[in-house]
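Each chain, letter by letter, is given below.
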Amino acid sequence: MVNRKTWGRILGMAGCVVLGLGVTGCDYWPPTLQSQIEQLQSDIQTVTAENMRLQSQVNELSTANQDLQVRFNEVNRVNQEKSHVIASLQSQVDSLRAKTKKTTARVKKTTKPKSSSKRTVKKKRATQR
């Protein structure tokens, strides 16, 4: 059997080895793992570049959207103004049509039939000859 001193030495040495590896680190990477790491780093760079390009497009589209929203609001405001003008003009036309109808109705009531006035004129002319 192994005595206590031997176990103490074994544990002490194992602790030193673990401590030494922990401090210095392990720099050995198997070649397959190294190639996978390089591929992943390349993919990360590609994705980062694509992300930056897409973010740039999003910013451009956001700016264009804001510009279009401003133009839409302006066109909508002008459209409402024109609608009010059209409604006002339509009411003026309607009131003028109503006035015209009333005026023509009054004129028709106050004027004599033209046929009777022509007869009197013809009679007068015939008697003058």
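Residues numbered from 1 in each chain as written. Predicted model: local features only at pLDDT ≥ 70, side-chain atom pairs only at ≥ 80, totals over all residues. Heavy atoms only, no water.

J.: I'm lost on the overall build of the chain in this one. Help?
T.: For the chain, the count of helices and strands is three helices and zero strands. The secondary structure elements of the chain, listed N-terminal to C-terminal, are α-α-α. Considering the chain as a whole, with its 129 residues, one finds that 0% of them fall into the buried category. About 12700 Å² of surface is accessible on the chain, with carbon and sulfur atoms providing 61% of the total. (Helix = DSSP H or I, 4+ residues; strand = E, 2+ residues; numbered from the N terminus. Buried < 20%, exposed > 50% of the residue type's maximum accessible area, 1.4 Å probe, protein only. Areas by Shrake-Rupley, 256 points an atom, 1.4 Å probe, with all protein chains shown as cover.)

J.: How do you make sense of the pattern of salt bridges when you look at a structure like this?
T.: Opposite charge on two side chains lets them pair, provided their charged atoms get close. For the coordinates displayed, the defined rule picks out three salt bridges. Of the charged contacts in the structure, one is a salt bridge between E50 and R53, with a shortest N-O distance of 2.4 Å. Of this pair, E50 and R53 both sit in helix α2 (residues 31-110), three residues apart, which is roughly one turn of that helix. A residue is classified by how much of its surface remains accessible, and E50, at 35% relative accessible area, is partly exposed. Between R77 and E74 there is a salt bridge whose closest N-O contact spans 2.4 Å. (Salt bridge = Lys/Arg side-chain N within 4 Å of Asp/Glu carboxyl O.)

J.: Help me out: how do you make sense of a positive patch on the surface in this one?
T.: A contiguous patch of positive charge, built from K99, K102, R106 and K109, is present on the exposed surface. Along the chain, R106 falls in helix α2. In this structure R106 comes out as exposed when scored by relative accessible area, which is 60%. (Patch = residues over 30% accessible without salt bridge, like charges linked within 9 Å, V, L, I, M, F, W, Y side chains within 5 Å. Lys, Arg positive; Asp, Glu negative; His and termini not counted. Charge placed at Lys NZ, Arg CZ, Asp CG, Glu CD.)

J.: Explain the confidence of the model for the chain here, please?
T.: In low-pLDDT segments, the atomic positions of the prediction should not be examined closely. Per-residue confidence for the chain gives a mean pLDDT of 84, with 78% of residues at or over 70. Within the chain, the element-level pLDDT minimum falls on helix α3 (residues 114-128), averaging 55, and the maximum on α2, averaging 94. (pLDDT = per-residue confidence, 0-100.)

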